Amino acid sequence: MQPYRIAVCEDEAPIREQLSGLCCSILSEWGVEGAVTCFASADDLREALEPGPDAFDLFLLDIRMEGTSGLDLARWLYRQGVRERVIFVTGAAEYAVEGYRTHPLHYLLKPVERPALAEALWLGWERHRPRTVLFRQDGRDVALPTEEILYLEGRNHGVEIHLAGETQSFPISLAEAEALLPAGFFSRCHKSFLVNLAAVEDIGGGELLLRGGERLPVSRAFYRSFQSDLVRYVNRSGGR
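Only a predicted model underlies this, so the values are computations on that prediction, with no experimental measurement involved.

### What about the pairing of strand E8 (residues 149–155)?
Among the 7 residues of E8, 5 are classified as buried, and the element is accordingly described as predominantly covered. Across 6 bridges, the pairing between E8 and strand E9 (residues 158–163) is antiparallel. In the sheet register, Leu-152 faces E9, and the bridge partner there is Ile-161. In this antiparallel pair of consecutive strands, E8 and E9, the connection spans 2 residues, and Asn-156 shows a positive phi of 50 degrees. Here E8 pairs with strand E12 (residues 193–196) via 3 bridges, running antiparallel. Looking at the pairing, Tyr-151 lines up with Val-195 of E12.

### Brief notes about the packing of aromatic side chains
Following the criterion strictly, the structure yields 10 aromatic pairs and no others. Judged by centre distance (5.8 Å) and plane angle (90 degrees), the rings of Phe-39 and Phe-56 are edge-to-face. In this pair, Phe-39 is assigned in strand E2 (residues 34–39) and Phe-56 in the loop between helix H2 (42–48) and strand E3 (58–62), connecting sequence segments 17 residues apart. Side by side, Phe-39 and Phe-56 carry an identical accessibility label, which is buried. Look at Phe-185 and Tyr-233: their rings are 6.2 Å apart centre to centre, the planes differ by 70 degrees, and that puts the pair in the edge-to-face class. Residue Phe-185 is located in the loop between helix H5 (174–180) and strand E11 (186–190), and its partner Tyr-233 is located in helix H6 (residues 220–237); the two are separated by 48 residues in the primary sequence. In this structure, Phe-185 and Tyr-233 share a single accessibility class: buried. An aromatic cluster is built from Trp-30, Trp-122, Phe-185 and Tyr-233, whose rings are joined through pairwise contacts. Above the face of the Tyr-78 ring, Arg-83 is positioned so that its terminal group lies 3.7 Å from the ring centre. Taking the ring centre of Phe-185 as reference, the NZ or CZ of Arg-129 above it sits at 3.9 Å.

Conventions used here
- Residues numbered from 1 in each chain as written.
- Predicted model: local features only at pLDDT ≥ 70, side-chain atom pairs only at ≥ 80, totals over all residues.
- Heavy atoms only, no water.
- Buried < 20%, exposed > 50% of the residue type's maximum accessible area, 1.4 Å probe, protein only.
- Helix = DSSP H or I, 4+ residues; strand = E, 2+ residues; numbered from the N terminus.
- Pairing = 2+ DSSP bridges.
- Phe/Tyr/Trp six-rings, centres within 6.5 Å; stacked < 30°, edge-to-face > 60°.
- Lys NZ or Arg CZ within 6 Å of the ring centre and 35° of its normal.

Geometry only, nothing functional implied.
Pasting the structure below:
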């Protein structure tokens, strides 16, 4: 996947640098490759968007700035078809009402706290991540819905992808398959198993219980990292 591209537009340099640093840190923690670009004014960002609004996947906009405001820019983005990709940053809650008609993704009040920013970024990343993943099989591309993948198993120099009701095999390694999947949604529980975190019902006794009743081993080498990935996923997704 290409980097998750975030534009931070804030006219106060300390806040701009803080937001940029937090975005980079949060994405790195999730294992998501990100590219954060800062702008000191809405006019500068608008100029960078001349090729089109798809130059960035997510926009953090100070709702009130000198000259062209973040709200003005959000209105322009809305006319370009952008929906739920703007996070407004504001120092006063009453300004949030003004941006409602532009269909923003979220609002953040200054001073921005890391947990609140992480929640907003997760909403954006959830919408951005691919709903299907392409795997190569017998000279053709096979699209598999990411939400239907229960787990992947490395076997016989290839990988078996287990979905509800079927299993498909592909001539790639488990590591290569892992690189194709969206970060933050799958985790290794064993050197031979990569699990969709949304499919986990329970963990304990050296094994996982998946929805549908299947059980997978959890090796000592991966137990702590898998448990951490699962806790982070549950916290971000509200247990979904």
